[in-house]
Amino acid sequence: MSRTVLLVYAQPEPSSLSRSFADTVVETLTAQGHQVLQSDLYAMRWKAALDADDFPDRADPGRLSFIVESGHAYASGAQPPDVTEEQRKLLAADAVIFIFPLWWYGLPAILKGWFERVYAYGLGYGYQGQGNQLRYGDGALKGKRALLAAMVGGGAKDYGPRGINGPLEELLFPVTHGCLFYPGMDVLPTHAVYGVNHLSRESVNRQLEAWRVRLACLFDEAPIPFRRQNGGDYPNGHSLADHVAPGVSGIWAHVAGPRSYAPRPLAAASAEP
């Protein structure tokens, strides 16, 4: 069955492992008969900052409310053309793959800016004018799949359960649970490559082969079992019921499964930085 996949790529260096991963997405999925849409953010010179320039036709010229202006621009078709085009690709996609280097424990600013500008009120949040009713498992992007591929400079031990940098799945929780699950997408476990600055050519080839294996299962792999807001675990739509995950707080209370889901594959480099 042919599907449409959107590849959002954020790395300016053409010789990077990120670029090789992006090329592998196109080659592998096209060979499987899928259509791959691409958003190479640096090549596009994507504007990262959400600001007043995104709202040329203001609903309220006297005060900049991002919710009000975003909703007005989205509903009236008054958004900048680059935002409209990214929304078109996003809505057309059955799955979205994000490839990026981990910079300062999070997304590159240009990729964070993609979410901020593309996720207009009425699309990324406030879906169907129902405020917070349709989120965390529901929303405009329900039924789509999402996969992060993170290129990490530090070694795998640094991001392990007791690693000094903190577990990668916890560092990326605002993205997987927030940016992706919030508007309804099924989120697959993060694909991580560690020690990217110290990989041998042989190690790079192994990583690319592991990536091809992941891509082959893109539409079959089980997603992270995040708890849905409207699935009964949050009776007031805000906090977990007392009987759900008793004694557990923080991130892991919102995952209906094992306390840890490791990014795949946990492949350490031949040498750590």
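Quantities reported herein were computed from a predicted structural model and do not represent experimental measurements.

### Notes on the UniProt feature "domain: Flavodoxin-like fold" (unreviewed entry) in the protein chain
Part 1: Sequence positions flagged by UniProt for "domain: Flavodoxin-like fold" (unreviewed entry) are, in local numbering, residues 4-213.
Part 2: For residues 4-213, the end-to-end C-alpha separation is 18 Å, with 35% helix and 15% strand making up the annotated structure.

### Observations regarding the side chain of glutamine 11
Part 1: Assignment of secondary structure puts glutamine 11 in the loop between β1 (4-9) and α1 (17-31).
Part 2: Reaching out from glutamine 11, the side chain makes a polar contact with the backbone nitrogen of glutamate 13 at a distance of 2.9 Å.
Part 3: The residues contacting glutamine 11, other than those within four sequence positions of it, are Ser16, Ser18, Tyr42, Pro101 and Trp103.

### Let's talk about unusual backbone geometry
Part 1: Its identity as a non-glycine residue notwithstanding, tryptophan 104 has a phi of 50°, on the positive side.
Part 2: Tracing the chain through its elements places tryptophan 104 in the loop between β3 (95-101) and α4 (109-118).
Part 3: You can call tryptophan 104 exposed: its relative accessible area is 81%.
Part 4: Backbone geometry at glutamine 128 places phi at a positive 55°, although glycine is not the residue there.
Part 5: A relative accessible area of 52% places glutamine 128 in the exposed class.

### Considering the environment of threonine 4
Part 1: Here threonine 4 shows up in strand β1.
Part 2: When its relative accessible area of 13% is taken as the criterion, threonine 4 is described as buried.
Part 3: Distance from threonine 4 to leucine 29, taken between C-alpha atoms, is 9.3 Å for residues 25 residues apart in sequence.
Part 4: Those residues in contact with threonine 4, other than ones at most four positions away along the chain, are Gln35, Leu37, Ala92, Ala93, Asp94 and Ala95.
Part 5: A polar side-chain atom of threonine 4 sits 3.5 Å from a polar atom in the side chain of glutamine 35.

### Quick look at the pairing of β1
Part 1: Among the 6 residues of β1, 6 are classified as buried, and the element is accordingly described as predominantly covered.
Part 2: In this sheet, strand β2 (residues 35-40) lies alongside β1 in parallel orientation, the contact comprising 6 bridges. Bridged to threonine 4 within β2 is glutamine 35.
Part 3: Handedness of the crossover is the feature at issue here: the chain leaves β1, passes through α1, returns alongside β2, and the resulting connection is right-handed.
Part 4: Across 5 bridges, β1 lies against β3 in parallel orientation. Its bridge partner being in β3, leucine 6 is matched across the sheet by valine 96.

### Re the environment of alanine 156
Part 1: Mapped onto the elements, alanine 156 comes out in the loop between β4 (145-151) and α5 (168-171).
Part 2: With a relative accessible area of 18%, alanine 156 lands in the buried category.
Part 3: Along the sequence, alanine 156 and proline 167 sit 11 residues apart, while their C-alpha atoms lie 9.4 Å from each other.

Here is what the cut-offs are and how they apply
- Residues numbered from 1 in each chain as written.
- Predicted model: local features only at pLDDT ≥ 70, side-chain atom pairs only at ≥ 80, totals over all residues.
- Heavy atoms only, no water.
- UniProt positions renumbered as here; feature names shortened; annotations may be inferred.
- Helix = DSSP H or I, 4+ residues; strand = E, 2+ residues; numbered from the N terminus.
- Polar contact = N/O pair within 3.5 Å; in protein donor to acceptor, adjacent residues only side chain to side chain.
- Contact = heavy atoms within 4.5 Å.
- Buried < 20%, exposed > 50% of the residue type's maximum accessible area, 1.4 Å probe, protein only.
- Pairing = 2+ DSSP bridges.
- Right-handed = clockwise from strand over helix to strand, strands pointing away.

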